[in-house]
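Chain by chain, the residues:
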2 protein chains.
Amino acid sequence: MAPKLHLQIDDRSGVPVYRQMMDQFIYYVAGGTLRPGDQIPSIRELAAALGVNPTTVVKAYTELERAGFVEKRHGKGAFIAANAQALTTAEQEDALRRAAKQLAVEATQLHMSTPKVIDVVREELGALSNDRATDEAPVKFAVMNGGR
Amino acid sequence: MAPKLHLQIDDRSGVPVYRQMMDQFIYYVAGGTLRPGDQIPSIRELAAALGVNPTTVVKAYTELERAGFVEKRHGKGAFIAANAQALTTAEQEDALRRAAKQLAVEATQLHMSTPKVIDVVREELGALSNDRATDEAPVKFAVMNGGR
DNA sequence: ACGACTGTTTGATGACAGCCACACACACGG
DNA sequence: CCGTGTGTGTGGCTGTCATCAAACAGTCGT
């Protein structure tokens with residue numbers, strides 16, 4: 001009913017927060033972690049967990065509702081829509097490819113070697129799967145700060 | 001003096017255009033492709049090549065100037081600042097890691113297998129290096145559209 | 001009926017990007 | 001020597017949108 005989620009917001013990325021949230025919910029549905037009927041965190045709960053304004057979560061949920069992924073019920077909570085369509089395999093690969101391309105462009109401009117890039121990707125993938133094994137909180141708080 | 005650049009703007013990403021341009025210039029300097037004294041595309045030229053408003057390029061160049069990477073000269077053009085400091089190795093790795101983490105988070109939420117992810121990254125890296133061999137235009141026009 | 005959850009709405013603020021008129025630098029032809 | 005043309009960057013104004021803050025309204029258990 002309420003699978004463990006692990007939402008990650010990157011303030012420095014410039015991507016609107018509500019959009020980052022939207023994408024990640026969609027990916028969770030696409031990957032099957034979130035299924036139709038599942039209750040998702042309340043607006044205030046998610047806002048508090050991620051340290052953003054409730055209105056921002058409202059925007060994300062509202063857009064997700066328009067897109068058919070989410071149903072909000074006044075006084076009750078928010079849920080994955082009954083007819084939420086998972087992304088097609090092609091769409092999922094597109095999403096992955098977009099992020100990969102972004103990485104590739106940066107790496108190329110930085111003159112990074114292919115093995116080096118692959119290494120870092122492996123590390124990050126590994127870090128995430130370990131995380132999931134240990135994590136018990138229903139919604140994981142995650143904001144990237146890091147310095148340039 | 002004017003190395004071939006390959007700037008890539010992704011409209012759908014939500015990242016401010018001027019910020020995407022900034023990052024990529026910084027990465028080019030960090031990677032050594034752009035060196036102090038090099039002339040970079042004029043505001044209008046870059047704006048036309050990328051299909052964005054000149055004002056947006058102005059913002060990118062102005063911010064890069066504040067950061068010490070660029071010098072604008074009225075009537076002459078824009079240049080890489082004499083004392084433009086390349087990013088430290090640690091900073092470069094941070095930048096790479098940020099993009100990798102983004103990719104890892106998405107992949108995990110989509111339930112993608114590690115080998116699959118690595119494959120796609122390899123493909124994208126390959127696509128870029130081929131590009132560079134063929135490309136002759138001083139500034140490559142690149143805007144991502146792709147549909148969701 | 002109260003209290004503690006839930007979602008809803010409105011207004012203010014600031015960032016982003018577009019349009020348009022202006023000012024400086026230099027090369028060319030009178 | 002001067003004017004004109006074409007390149008360059010500069011600056012003001014406007015529309016749109018993301019975010020925040022605070023007040024409003026429905027649901028449910030006691």
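You'll find the structure just up there.
Quantities reported herein were computed from a predicted structural model and do not represent experimental measurements.

> Is there a simple way to think about the nonpolar core in this case?
The nonpolar side chains of a soluble globular protein tend to be buried, and buried together. Ranked by size, the top nonpolar core spans 88 residues in total, and within it Val121(A) and Val121(B) carry the most contacts. Filtering out sequence-adjacent residues up to four positions away, Val121(B) remains in contact with Ala100(A), Leu103(A), Val117(A), Ile118(A), Val121(A) and Leu103(B).

> Explain the sheet that holds strand S4 (residues 77-80) of chain A here, please?
Whether parallel or antiparallel, the strands of a sheet pair through hydrogen bonds between backbone atoms. Residue and element names in this part refer to chain A. Read across the open sheet, the three strands follow the order S2-S4-S3; overall the sheet is antiparallel. Looking along the sheet, the strands with just one partner apiece sit at the ends: strand S2 (39-40) and strand S3 (70-73). Pairing of S3 with S4 involves four bridges; the strand directions are antiparallel. Looking at the pairing, Glu 71 lines up with Phe 79 of S4. Contacts between helix H3 (residues 54-66) and the sheet are confined to S2, S3 and S4, with S3 contributing the most and set at about 120 degrees to the helix.

> Just checking my understanding: could you explain the protein's contact with DNA strand D for this structure?
In the vicinity of DNA strand D, 21 residues are found, and the nearest of them are Val17(A), Asn53(A), Lys59(A), Lys76(A) and Arg44(B). A distance of 2.3 Å is found between a phosphate oxygen of DNA strand D and a side-chain nitrogen or oxygen belonging to Lys59(A). Lys76(A) places a polar side-chain atom, nitrogen or oxygen, 3.2 Å from a phosphate oxygen of DNA strand D. Looking at the surface near DNA strand D, the elements that each hand over two or more residues are helix H1 (17-31) and H3 of chain A together with helix H2 (43-50), strand S3 (70-73) and strand S4 (77-80) of chain B. The greatest single-element share of the surface near DNA strand D, amounting to three residues, is contributed by H3(A).

> Quick question: what am I supposed to make of the interface of chain A and chain B here?
The figure often quoted for interface size is the accessible area lost as the parts come together. Residue-level contacts link 54 residues of chain A with 53 residues of chain B. Taking both sides of the interface into account, the surface hidden between chain A and chain B amounts to around 5600 Å²; carbon and sulfur atoms contribute 63%. A salt bridge links Glu93(A) to Lys116(B), with the shortest nitrogen-to-oxygen separation between them at 3.2 Å. On inspection of chain A and its partner chain B, the count reaches ten residue pairs in polar contact (both at pLDDT 80 or more). The element that contributes the greatest number of residues to the side of chain A that touches chain B is helix H4 (residues 89-109) of chain A, accounting for 18 residues. Of the residues contributing to the side of chain A that touches chain B, the split by class is 23 nonpolar, 14 polar and 17 charged.

> Could you clarify how one ought to interpret the packing of aromatic side chains in this entry?
In this description, an aromatic ring pair is defined by two values, namely the gap between the centres and the angle between the planes. Residue and element names in this part refer to chain A. Applying the stated rule across the entire model yields two aromatic pairs over all chains. Between Phe 25 and Tyr 61, the aromatic rings sit 5.8 Å apart at their centres with planes inclined by 75 degrees, giving edge-to-face as the arrangement. Of this pair, Phe 25 sits in helix H1 while Tyr 61 sits in helix H3, and the two are 36 residues apart along the sequence. Overall, Phe 25 belongs to the buried group, its relative accessible area being 2%. Residue classification places Tyr 61 among the buried positions, given a relative accessible area of 0%. When the ring centre of Tyr 18 is taken as origin, the NZ or CZ atom of Lys 59, which lies over that ring, is 4.9 Å away. A cation over a ring is seen here: Arg 73 above Phe 79, with NZ or CZ 4.2 Å from the ring centre.

> Help me understand empty space enclosed by the protein, please; the structure alone is not making it clear to me.
Unoccupied space between atoms shows up once a probe the size of one water molecule is rolled over them. Tallied over the entire structure, the rule returns three cavities of 30 Å³ or more. Approximately 910 Å³ is the volume found for the largest cavity. Val15(A), Gln102(A), Ser13(B), Val15(B) and Gln102(B) are, among the 40 residues lining the largest cavity, the residues nearest its centre. Going through the elements one at a time, strand S1 (9-10), H1 and H4 of chain A together with helix H1 (17-31) and helix H4 (89-109) of chain B are the ones with two or more residues in the lining of the largest cavity. In terms of residue count, H4(B) provides more of the lining of the largest cavity than any other element does, eight residues in total. Of the residues belonging to the lining of the largest cavity, the class tally is 13 nonpolar, eleven polar and 16 charged.

> Before we go on, may I ask you to explain the protein's contact with DNA strand C in this structure?
Near DNA strand C, the surroundings consist of 20 residues, among which Arg44(A), Val17(B), Asn53(B), Thr55(B) and Lys76(B) are the closest. Backbone atoms, meaning sugar and phosphate, make up 64% of the atoms of DNA strand C lying within 4 Å of the protein. Measuring from a phosphate oxygen of DNA strand C, one finds a side-chain N or O atom of Thr56(B) at 3.0 Å. Lys59(B) is positioned with one of its side-chain polar atoms (N or O) 3.5 Å from a phosphate oxygen of DNA strand C.

The rules behind these values
Residues numbered from 1 in each chain as written. Chains lettered and ligands numbered in written order. Predicted model: local features only at pLDDT ≥ 70, side-chain atom pairs only at ≥ 80, totals over all residues. Heavy atoms only, no water. Core = buried A, V, L, I, M, F, W, Y, C linked by side-chain atoms within 4.5 Å. Buried < 20%, exposed > 50% of the residue type's maximum accessible area, 1.4 Å probe, protein only. Contact = heavy atoms within 4.5 Å. Pairing = 2+ DSSP bridges. Helix = DSSP H or I, 4+ residues; strand = E, 2+ residues; numbered from the N terminus. Axes fitted to C-alpha atoms, helices over the stretch in contact; angles between N-to-C directions. Near = heavy atom within 4 Å. Polar contact = N/O pair within 3.5 Å; in protein donor to acceptor, adjacent residues only side chain to side chain. Buried area = accessible area lost by both parts, 1.4 Å probe. Salt bridge = Lys/Arg side-chain N within 4 Å of Asp/Glu carboxyl O. Nonpolar A, V, L, I, M, F, W, Y, C, P; charged D, E, K, R; others polar. Phe/Tyr/Trp six-rings, centres within 6.5 Å; stacked < 30°, edge-to-face > 60°. Lys NZ or Arg CZ within 6 Å of the ring centre and 35° of its normal. 1 Å grid on protein atoms, 1.4 Å probe; cavity = no way out; pocket = protein on both sides within 12 Å on 5 of 7 lines; lining within 4 Å. Points joined across faces, edges and corners; volume = space filled by probe spheres on them.

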